[in-house]
Amino acid sequence: MEVEAHFLAKEDGIIVGIALAETIFNEVDPSLKVEVSQTDGDHVHKGLKFGKVELTTLLEQRELC
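The notes below deal with the structure included here. (Residues numbered from 1 in each chain as written. Predicted model: local features only at pLDDT ≥ 70, side-chain atom pairs only at ≥ 80, totals over all residues. Heavy atoms only, no water.)

Another point: the sheet that holds strand β1 (residues 2–8). Taken in spatial order, the three strands make up an open sheet running β1-β5-β3, and their pairing is antiparallel. In this open sheet, the two edge strands, each paired with only one partner strand, are β1 and β3 (33–36). Averaged over neighbouring strand pairs, the angle between their axes works out to 15° when direction is ignored. Here β1 pairs with strand β5 (residues 49–56) via seven bridges, running antiparallel. By the bridge assignment, glutamate 4 is partnered in β5 with glutamate 54. (Pairing = 2+ DSSP bridges. Helix = DSSP H or I, 4+ residues; strand = E, 2+ residues; numbered from the N terminus. Axes fitted to C-alpha atoms, helices over the stretch in contact; angles between N-to-C directions.)

A full pass over the atoms with the stated rule returns three salt bridges. Across the pair lysine 33 and glutamate 35 runs a salt bridge, and its minimum N-O distance is 3.2 Å. Classification of glutamate 35 by relative accessible area gives partly exposed; the value is 31%. Of the charged contacts in the structure, one is a salt bridge between lysine 52 and glutamate 54, with a shortest N-O distance of 3.0 Å. (Salt bridge = Lys/Arg side-chain N within 4 Å of Asp/Glu carboxyl O. Buried < 20%, exposed > 50% of the residue type's maximum accessible area, 1.4 Å probe, protein only.)

With that out of the way, let us pick up the packing of aromatic side chains. Aromatic ring pairs: the centre-centre distance and the angle between the two ring planes describe each pair. Summed over the entire model, instances satisfying the criterion amount to two aromatic pairs. Seen in terms of ring centroids, phenylalanine 7 and phenylalanine 25 are 6.0 Å apart; in terms of plane orientation they differ by 75°. Their pairing is edge-to-face. With phenylalanine 7 in strand β1 and phenylalanine 25 in helix α1 (residues 18–28), this pair connects stretches of sequence that are 18 residues apart. Relative to phenylalanine 50, the ring of phenylalanine 7 lies with its centre 5.7 Å away and its plane at 20°, an arrangement referred to as stacked. Taken together, the residues span a long stretch of sequence, with phenylalanine 7 in strand β1 and phenylalanine 50 in strand β5 at a distance of 43 residues. Given the relative accessible area of 11%, phenylalanine 50 is considered buried. (Phe/Tyr/Trp six-rings, centres within 6.5 Å; stacked < 30°, edge-to-face > 60°.)

Attention now moves to the pairing of β5. Sheet analysis places β3 next to β5, joined by four bridges and oriented antiparallel. Within β5, the residue paired with valine 34 across the bridge is valine 53.

On to the side chain of glutamine 38. Here glutamine 38 lies in the loop between β3 and β4 (43–44). With residues up to four places along the chain from it excluded, the contact list for glutamine 38 reads Ile15, Ile18, His43, Val44, Leu48 and Phe50. (Contact = heavy atoms within 4.5 Å.)

Right under this line is the structure:
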């Protein structure tokens, strides 16, 4: 099963801290895959998805009876 979460700009602004975010996600779980489409200093507009974190897991969905 693959799970993903997106980085979403809540307001117009400037991106900062991408390298720190990647480091933190790697420390939490090295199997997480972080992809970003913007770099520090880039301007973003409210609502822009500028990256995502993906996790592939072997957990099976089970039906509860």
